[in-house]
Structures are given as structure tokens and as C-alpha cells.
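# Observations on the three-dimensional arrangement
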Amino acid sequence: MFKSRLLIAAMLLFCVHSAFADMLNVQLSNHTGRFVYSTESFGGQYGPIDMEGGLFFNQDNDKILHFGLMVRNDTMDAPLVISVGARAYYGDVGHKAGQIRTKFAAIAVGGELLVIPDNLGGFGFGAFYYLAPSVVTYMDANRFNEYGVRLNYEVTRQADISLGYRKISVDLNNNNVGKQTVDSSVYFGIGLRF
């Protein structure tokens, strides 16, 4: 109960933050859901710094919460958008029959790349990758990995839709050697900027 209240309080802090640009991204598949809220927190000399928070869940009752800081290039009119930074993850996974229940915390580094060529009329493609090696993965896990690709269409300057593939995996610690796949699915996403 306390963890649920803490999660709601953290999400509300993101929502009441007064910022220049906010984005809500919803990604859904048949068995998973993910909500990510990001806000431009600081304007830097080389680009804005986005603060983000997100919640991933699936039908097996696995949950992964993340908070991150990402530096993004400040040229939204250019066909290339690059973000690099770090995310702090906390997860409770392995609830599916035959899996080992695993709680983990990790600090991952990585980034995202989105290419929207002018001649494709709003269509684009992107990729992302986040890695937490064993030195910064704690509790029941030894390593954390998240990566994926997506096709994107910018409906308006304030909204886009995407179709993507995402894989999330956790390497278990020495007591339970092996890799556990949390998600490997195709998802449909909607991004709203306001």
C-alpha cells in the first residue's frame, strides 16, 4: 500500500511541475502497458534536459518503475533527434509460472535516436537502448537490459503514433544463474506533447 502511494505521489510531482514542454507516451500491446511522462526541466547550453518517469506492467503482474534524466538535442525542426542519459529502475518481475520472482534496482545508461526525414511526410524510425551492467544492478539481479525499435508517424506537432518492438531482460544473480525475459513484444504507442 505504501509503495502505491509513493508511486502516485511521485507521478503527481511530475504533473504539477511547471515546464516548457511536457510529453505523455502510452505504449500498449496485448499483454503489456507502459506510461511515460517527461518534462523539460532545465534548458542547457547544448540542449534541454528532460526529466522522465514511467511505469511498465504486464498481465503477469510484473512491474518496472523508472526515473531518468536525458539530454536531448534542441533542434526539433531537424530530421534527427538524439537523447542520451541515465535511468534509475526498480522492478518486481518473474510472476509468471515457471519464472523466478526477482526484485531489482538498476542504474542504466543509454539513449534514443529518432530519424524523421523531410521527404517522408512525417514518417520516421527510431531505436533505443539502455544497459545496466552488474556493477550498478542490485538486489536479485546481476544485469538489466532494455532495447527496441519503432516506426513513427507525426500526426501533428503535438501528437504522434508509433508501432514498435521492445525487449526487456534481467540476468539473475549468482544464486539463480540465467536470464529472464520480462517483455518481448510488439506495441502500439501514442505520444502527446503539451
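Owing to the predicted nature of the structure, the values given are computational and were not obtained by experimental measurement. (Residues numbered from 1 in each chain as written. Predicted model: local features only at pLDDT ≥ 70, side-chain atom pairs only at ≥ 80, totals over all residues. Heavy atoms only, no water.)

## Overview of a nonpolar patch on the surface
In plain terms, the rule: Each patch groups residues whose relative accessible area exceeds 30% and which form no salt bridge, using 9 Å between like charges and 5 Å between nonpolar side chains of Val, Leu, Ile, Met, Phe, Trp and Tyr. Surface accessibility in these figures is a Shrake-Rupley result with a 1.4 Å probe; residues are shielded only by whichever protein chains are displayed. Put simply, a salt bridge is a Lys or Arg side-chain nitrogen that is within 4 Å of an Asp or Glu carboxyl oxygen. Strands here are runs of E lasting at least two residues and helices are runs of H or I lasting at least four, both read from the DSSP assignment and numbered beginning at the N terminus. Buried residues are those whose accessible area, probed at 1.4 Å on protein chains only, stays under 20% of the maximum for their type, while exposed residues exceed 50% and partly exposed ones sit between those limits.
A surface patch of nonpolar side chains, about 940 Å² in accessible area, is lined by Phe-125, Leu-151, Val-155, Ile-161, Leu-163, Val-186, Phe-188, Ile-190, Leu-192 and Phe-194. Secondary structure elements with two or more residues in the nonpolar patch: β9 (141-156), β10 (159-172) and β11 (179-193). Of note, Leu-151 is situated in strand β9. Judged by relative accessible area, Leu-151 falls into the exposed class, the value being 55%.

## Quick word on the packing of aromatic side chains
Rule in force here: Here the aromatic set is Phe, Tyr and Trp, taking the six-membered ring for Trp, and pairing holds for ring centres within 6.5 Å; pairs whose planes are under 30 degrees apart are stacked, those over 60 apart are edge-to-face, and all others are tilted. Remark: a charge is flagged as sitting over a ring if the NZ atom of Lys or the CZ atom of Arg is within 6 Å of the ring centre and within 35 degrees of the ring normal.
Within this structure, the stated rule accounts for seven aromatic pairs. Relative to Tyr-153, the ring of Phe-123 lies with its centre 4.6 Å away and its plane at 40 degrees, an arrangement referred to as tilted. Taken together, the residues Phe-123 in strand β7 (residues 123-132) and Tyr-153 in strand β9 connect sequence positions 30 residues apart. A residue is classified by how much of its surface remains accessible, and Tyr-153, at 28% relative accessible area, is partly exposed. A connected cluster of aromatic rings, assembled from ring pairs, spans Tyr-89, Phe-104 and Phe-144. Against the face of Tyr-130 rests Arg-87, its NZ or CZ located 4.1 Å from the ring centre.

## Details of the pairing of strand β4 (residues 63-72)
Cut-off, in case you're wondering: We treat two strands as partners when DSSP finds at least two bridges between them.
By the alternation rule, side chains of β4 split into Ile-64, His-66, Gly-68, Met-70 and Arg-72, which are all buried, and Lys-63, Leu-65, Phe-67, Leu-69 and Val-71, of which none is buried. When β4 meets strand β5 (residues 80-93), the two strands line up antiparallel, connected through ten bridges. Bridge assignment links Ile-64 to a residue of β5, and that residue is Gly-91.

## Here's the deal with the nonpolar core
This is how it is decided: Residue types Ala, Val, Leu, Ile, Met, Phe, Trp, Tyr and Cys, when buried and joined through side-chain atoms within 4.5 Å, form a set referred to as a nonpolar core.
By size, the foremost hydrophobic cluster in this structure holds 17 residues, and its most contacted members are Ile-64, Tyr-89, Phe-104, Phe-144 and Val-182. Elements with a contribution of two residues or more to this core: β4, β5, β6 (102-115), β7, β9, β10 and β11.

## Comments concerning the pattern of salt bridges
Note on pairing: side chains with opposite charge can pair once their charged atoms come close. All chains considered together, the criterion is met by ten salt bridges. Close ionic contact of Asp-50 with Arg-72 constitutes a salt bridge, the shortest N to O distance being 2.8 Å. Linking Asp-50 in strand β3 (residues 47-58) with Arg-72 in strand β4, this pair joins segments that are 22 residues apart in sequence. Both residues of the pair, Asp-50 and Arg-72, belong to the buried class.

## What to know about the side chain of Thr-102
The condition that has to hold: The term polar contact refers here to a pair of N or O atoms within 3.5 Å; inside protein, the definition further demands a hydrogen-donor-capable atom paired with an acceptor-capable atom, and it admits residues adjacent in sequence only when both atoms are side-chain atoms.
For Thr-102, the location among the structural elements is in strand β6. Judged by its relative accessible area of 1%, Thr-102 falls in the buried class. Reaching out from Thr-102, the side chain makes a polar contact with the backbone oxygen of Ile-100 at a distance of 3.0 Å.

## What about the confidence of the model for the protein chain?
Here is the rule we go by: pLDDT is a residue-level measure of predictor confidence that goes from 0 to 100. Here, residues are in contact when the closest pair of their heavy atoms is within 4.5 Å.
When pLDDT is averaged along the protein chain, the result is 85; 81% of the residues meet or exceed 70. Within the model, pLDDT remains below 50 along residues 12-20, and this stretch shows 14 contacts once partners closer than five positions in the same chain are excluded.

## Regarding the pairing of β7
The alternating pattern of β7 places Gly-124, Gly-126, Phe-128, Tyr-130 and Ala-132 on a buried face and Phe-123, Phe-125, Ala-127, Tyr-129 and Leu-131 on a face that is not buried. Bridging between β6 and β7 involves seven bridges; their strand directions are antiparallel. Following the sheet pairing, Val-115 is matched in β7 by Phe-125. Two elements, β7 and β9, share ten bridges in a ladder whose sense is antiparallel. Residue pairing in the sheet places Gly-126 in a bridge with Arg-150 of β9.

## Let's talk about unusual backbone geometry
Unlike most non-glycine residues, Asn-61 shows phi in positive territory, near 75 degrees. Along the chain, the position of Asn-61 falls in the loop between β3 and β4. Phi is positive for Met-139, close to 70 degrees, though the residue is something other than glycine. Topologically, Met-139 is positioned in strand β8 (residues 137-139). Judged by relative accessible area, which is 46%, Met-139 ranks as partly exposed.

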